[in-house]
Amino acid sequence: MSEKLYTVSELARLSGTTVRTIQYYDRIKLLVAKRTGKKDARYYTEGDLMKLQQILFFKRIGLPLNEIKHHILNSNNASDIKQILKNQADLLIRQEMEIRMTQTIIKAILASIDADPDQNLEPIIKLVLSLNKQTVLDYANVEFDQQTQQLFKNQSKDDYQDLINFCWQWKLLILETAAYKLNNASYKCQAGFELGRKWDEFIKHSTDDDPKMLTAYAKGLEQSDHWPEEDLFLYNFCKDFIDGAHHYYLTKKGDAID
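Residues numbered from 1 in each chain as written. Predicted model: local features only at pLDDT ≥ 70, side-chain atom pairs only at ≥ 80, totals over all residues. Heavy atoms only, no water.

A. Quick look at the packing of aromatic side chains. This structure, assessed with the given rule, holds nine aromatic pairs. Relative to Phe-202, the ring of Phe-166 lies with its centre 5.0 Å away and its plane at 25°, an arrangement referred to as stacked. Placement of Phe-166 in helix H8 (residues 157-182) and of Phe-202 in helix H9 (residues 190-207) is noted, with a sequence separation of 36 residues between them. Through a chain of ring-to-ring contacts, the aromatic side chains of Phe-166, Trp-199 and Phe-202 assemble into a single cluster. It is Lys-181 that lies over the ring of Phe-237; its NZ or CZ is 4.7 Å from the centre. (Phe/Tyr/Trp six-rings, centres within 6.5 Å; stacked < 30°, edge-to-face > 60°. Helix = DSSP H or I, 4+ residues; strand = E, 2+ residues; numbered from the N terminus. Lys NZ or Arg CZ within 6 Å of the ring centre and 35° of its normal.)

Here is the structure:
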């Protein structure tokens, strides 16, 4: 039996892409069409359909066409492809961290504007422009003491996701605090009260009165000198304001313990 052939429009329909995309892949010799007949019409085989699906998959996960052409489609080595996919996964994680950092910066500035619409935004904008958007990943290289490391080793995958979310919530509150400090605000005001409330809720929600999480949180603070340099700077810069705002909140509520 003769092999089934597809026109470019049929291939586009079966693969869920466009005719123009397939024609482009033909021009760059990523997916070369067969030419038949006097009009030199393009045709594709079942093998081409499978190859196109692979191209679309690898493109979907962010691999550049040049790498797909030279290192994926022409490789029969599973370990090479595995390494390429691992590298791409690492890249996507870094891109995710950059997006989350950008979102955190926006949320922090919006919160500070809500608290004081007349504040000068220039200082906080200068600060955030200097920040490393991937600092949260540096915690994988932090060397805590043996007890703290063991606490983290005993965490499940869901717990690790909670720890990542903890880091981003902490960063959001720290950046909001930095905006207040850079504008020489006092924590004894409505903005300070609200910040103290958010900080109190953050600690309670993050630890959930779980002894393990409370211990991990306390140990992490004790070893703040091991943190990434950027977070250590922000923490030291904001600590007095956060402590003051938290105490002010608890005092107003009647829960403060001197």
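B. Main features of the sheet that holds strand S2 (residues 34-36). One open sheet accounts for three strands, arranged S1-S3-S2; its pairing is antiparallel. Here the strands that pair on one side only, and so sit at the sheet edges, are strand S1 (5-7) and S2. Neighbour-to-neighbour, the strand axes of this sheet turn through a mean angle of 50°, independent of strand direction. Judged from the three bridges that link them, S2 and strand S3 (residues 41-45) form a sheet pairing that is antiparallel. Bridge pairing links Arg-35 to Arg-42 in S3. With respect to the sheet, helix H1 (residues 8-15) is in contact with S1 and S3, its orientation differing from that of S1 by roughly 95°. (Pairing = 2+ DSSP bridges. Axes fitted to C-alpha atoms, helices over the stretch in contact; angles between N-to-C directions. Contact = heavy atoms within 4.5 Å.)

C. Broad picture of the pattern of salt bridges. Inspection of every chain in the model, using the stated rule, returns twelve salt bridges. For the salt bridge of Asp-26 with Arg-42, the shortest nitrogen-to-oxygen distance reads 2.7 Å. Taken as a pair, Asp-26 in helix H2 (residues 19-27) and Arg-42 in strand S3 lie far apart in primary sequence, 16 residues in all. For Asp-26, a relative accessible area of 6% gives the class buried. Exposure remark for Arg-42: the relative accessible area of 27% places this residue in the partly exposed category. A salt bridge links Lys-171 to Asp-231; the shortest N-O distance between them is 2.4 Å. With a gap of 60 residues between them, Lys-171 in helix H8 and Asp-231 in helix H11 (residues 229-253) connect regions that are remote in the sequence. (Salt bridge = Lys/Arg side-chain N within 4 Å of Asp/Glu carboxyl O. Buried < 20%, exposed > 50% of the residue type's maximum accessible area, 1.4 Å probe, protein only.)

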